[in-house]
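Fold and geometry: a report
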Amino acid sequence: MRKNYDMAVIGGGPGGYVAALRGSQLGLNVLLVEKERVGGVCLNRGCIPTKALLSDVEGIHWSRRAAREGIILQEPEISLAAMMKRKQTVVDKLVDNLEKLLAAAKVDVLRAAARIAAPETVSLDTGETCHAGSIVIATGSTAWAPPISGIGLPGVLNTRQALELERIPESVVIIGGGVIGQEFASLFAGLGSKVTVLEVLDRILNEVDKDIAKRYATLVSARMRTETGIRVDSITTDGEKLKVHYEKRAQEKSVEADVVLLATGRRPYFDGLGLEELGIEIQSRAVLVDRRLRTSMSGVYAIGDVIGGKMLAHVASYHGEMVAENIAGHGRDVGDEPVPACIFTTPQIAWVGPTEEQAQESGLPYRTSMFSLSANGKALALGESRGWVKLMEDSTTGRLIAAHLLGPQVSELVSELALAIQKGLSAADIAGTIHPHPTLSESVREAALGFLGGPVHAAANVKSFNGSSPVSRRVATSKSITD
Ligand code: FAD
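Parameters and conventions
- Residues numbered from 1 in each chain as written.
- Predicted model: local features only at pLDDT ≥ 70, side-chain atom pairs only at ≥ 80, totals over all residues.
- Heavy atoms only, no water.
- Core = buried A, V, L, I, M, F, W, Y, C linked by side-chain atoms within 4.5 Å.
- Buried < 20%, exposed > 50% of the residue type's maximum accessible area, 1.4 Å probe, protein only.
- Contact = heavy atoms within 4.5 Å.
- Pairing = 2+ DSSP bridges.
- Helix = DSSP H or I, 4+ residues; strand = E, 2+ residues; numbered from the N terminus.
- Axes fitted to C-alpha atoms, helices over the stretch in contact; angles between N-to-C directions.
- Expected span 1.5 Å × (residues − 1).
- Near = heavy atom within 4 Å.
- Polar contact = N/O pair within 3.5 Å; in protein donor to acceptor, adjacent residues only side chain to side chain.
- Areas by Shrake-Rupley, 256 points an atom, 1.4 Å probe, with all protein chains shown as cover.
- Nonpolar A, V, L, I, M, F, W, Y, C, P; charged D, E, K, R; others polar.
- Parallel < 35°, antiparallel > 145°, perpendicular 65-115°, else oblique.
- Left-handed = near helix turned anticlockwise from the far one by under 90°.

Turning to the nonpolar core, a few remarks are in order. Counting 53 residues, the largest nonpolar core has Met-7 and Val-9 as the members making the most contacts within it. Setting aside chain neighbours within four positions, we find Val-9 in contact with Gly-16, Ala-19, Ala-20, Val-30, Leu-31, Leu-32, Val-33, Val-136 and Ala-138.

Glancing now at the sheet that holds strand β21 (residues 348-352). Paired through backbone hydrogen bonds, the strands of a sheet run either parallel or antiparallel to each other. Taking strand neighbours across the sheet as the criterion, the six strands line up as β20-β21-β24-β23-β22-β25 in an open arrangement whose pairing is antiparallel. A single partner strand is all that each edge strand has here, and the edge strands are β20 (341-343) and β25 (462-465). Neighbouring strand axes in the sheet, compared pairwise and without regard to direction, differ in orientation by 10 degrees on average. Sheet topology note: the strand β22 (residues 366-372)/strand β23 (residues 388-394) ladder contains seven bridges and is antiparallel. Pairing of Tyr-366 across the sheet is with Asp-394, part of β23.

Helix length check: helix α6 (residues 179-191), at 13 residues, gives a terminal C-alpha distance of 19 Å against a target of 18 Å (1.5 Å per residue), a fit within 8%. α6 sits mainly inside the fold: 11 of its 13 residues count as buried. Within α6, burial applies to Gly-181, Gln-182, Glu-183, Phe-184, Ala-185, Ser-186, Leu-187, Phe-188, Ala-189, Gly-190 and Leu-191. Gly-192 occupies a position one or two residues after α6 and carries a positive phi of about 100 degrees.

Now for the site of the ligand. Close contacts around the ligand come from 37 residues, with Gly-15, Glu-34, Lys-51, Asp-305 and Ala-313 the closest. Between the ligand and Lys-51 there is a distance of 2.6 Å, counted from an oxygen atom to a side-chain nitrogen or oxygen. Asp-305 has a polar side-chain atom sitting 2.9 Å from an oxygen atom of the ligand. Against a free-state accessible area of 990 Å², the protein chains account for coverage of 95% of the ligand. Sort the elements by how many residues they give to the shell around the ligand and helix α2 (residues 40-45) lands first, with four residues. Considered class by class, the residues forming the shell around the ligand number 19 nonpolar, 12 polar and six charged.

Below, the discussion takes up the packing of helix α3 (residues 47-68) against helix α4 (residues 80-104). Viewed as axis vectors pointing N to C, α3 and α4 meet at an angle of 140 degrees, and their least axial separation amounts to 9 Å. Classified by the angle their axes make, α3 and α4 are oblique. The handedness of the crossing between α3 and α4 is right-handed. Contacts between α3 and α4 involve Ile-48, Pro-49, Ala-52, Leu-53, Ser-55, Asp-56 and Val-57 on the former and, on the latter, Met-83, Met-84, Arg-86, Lys-87, Val-90, Val-91 and Leu-94. Classifying every residue of the contact of α3 with α4 by side-chain character gives 10 nonpolar, one polar and three charged.

Quick look at the packing of helix α1 (residues 16-25) against α4 now. Where α1 meets α4, the closest approach of the two axes is 10 Å, and the angle between their N-to-C directions is 30 degrees. Classified by the angle their axes make, α1 and α4 are roughly parallel. Handedness of the α1/α4 crossing: left-handed. For the pair α1 and α4, contact is made by Tyr-17, Ala-20 and Leu-21 and by Leu-98, Leu-101 and Leu-102, respectively. The class makeup of the residues in the contact of α1 with α4 is six nonpolar, no polar and no charged.

The terminal C-alpha atoms of α4, which comprises 25 residues, lie 36 Å apart, in line with the 36 Å expected from a rise of 1.5 Å per residue. Among the residues of α4, those classed as buried are Leu-80, Met-83, Met-84, Lys-87, Val-91, Val-95, Leu-98 and Leu-102. Following α4 by one or two positions, Lys-106 has its phi on the positive side, about 60 degrees.

Okay, the pairing of strand β4 (residues 114-118) next. Relative to strand β5 (residues 121-124), β4 runs antiparallel, the two sharing four bridges. Counterpart to Arg-115 in the pairing with β5 is Ser-123. With antiparallel pairing between neighbouring strands as the criterion, β4 and β5 make up a hairpin whose turn holds two residues, including Glu-120 at a positive phi of roughly 65 degrees.

As structure tokens, this is what we get:
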């Protein structure tokens, strides 16, 4: 093990490990320090384990759908232990593969907690000290919970603990109706738990386009109860149960559950790194970086969740590649690229670009085109036709600016739209591209056709906003031929 490196990366999540691998590809000598297992939150207790479990729950959903339509199955018998075992096998396989990749790339990996002791100097809690020309902070984020009385009670869980449950709870209260809260709500509802979601804002999924979030809320309302515009006061015990006390429209209310899940957000994590002592600038609780991912201290960079903004694994990994290229001297800027985001609920949500509310705030003149999956052959064949594709174009330039999708597997549709937006393409470019049949992706082309005179399999549903308030809307027609 050497003591001098070109690049030392602190934190082995999707930001840090990608930076290390890319750095090695570019010929740098790389050290990666990780205090737990490589893979970070994403592989070990975030994206991957939740998606492994959610995929099983989708299986339950599909089997019930099949049963309604002629394939007579017994009501599925759910073994949470088997599901958890499969989830862990998937996680372990990915971590194992990653360890092999790092070894093959000749990245030195140390399991320790690191601190930046001085410029170009990383000290480890194992007593070792290493030197590196460039240091990358990739220490991620940690769960944040508001100071609610009773959050320390047994049965009040964070997401990490929820992924280790041994029994399916009969009832669950989820505090927080954001992305992570909704994925867990989908998971528990799919397992048969009685789910109540408590959200402080006046709607769930506040970062999702309002049209889509509203439609999603309607679709899931039969599977879970949602209370919005509330304030949680405390959690107490009531015999075997937990009781969440909250206030809604000045009225005291409460709801009982076996388990309470805190899904109240995450904050950048840099505890013990020594940033304050070194004078590295922090802004809004995140490490401040410029467009080249440089912190305020020469030779120190930061990437991923620790810099705040869009806390997503693919953003962290993109930063990881960019930072390694910058350290290798390539000069890559980040910041303006469209970032797709997905929510792996049933049905799924995916989007890229601003929401309609954000576009209105910015005063941009735009048009929207909405296409219902009820007019898409593949969606009907799947028996999952409750969904929509909503595209937004800049009405001055005709360029696509955003896409908002709701429906089965729409996470697989959004990359085409991210590419289109990144490359400044228009609805005509999408419509001029042959999409295979029968696929859900045809609904993207149909929505694009909406801007060009109308989709083939439904009437046009196009609205425009002229860039000044109040909103001016022109609804061509809104009837789908199969509605
Ligand atoms: P992290 O993955 O947090 O990794 C940071 C690493 O740094 C950790 O392993 C930590 O142990 C290590 N570390 C910290 N301090 C030190 C130190 N001093 N010394 C050494 N090591 C240190 N994102 C998506 O894009 N899609 C999803 O579907 C998705 N699902 C999620 C589900 C859940 C339940 C959660 C919690 C998150 C989810 N996310 C998802 C978010 C995603 O996990 C994060 O955006 C991503 O992991 C951030 O990567 P990172 O490399 O910045 O940090």
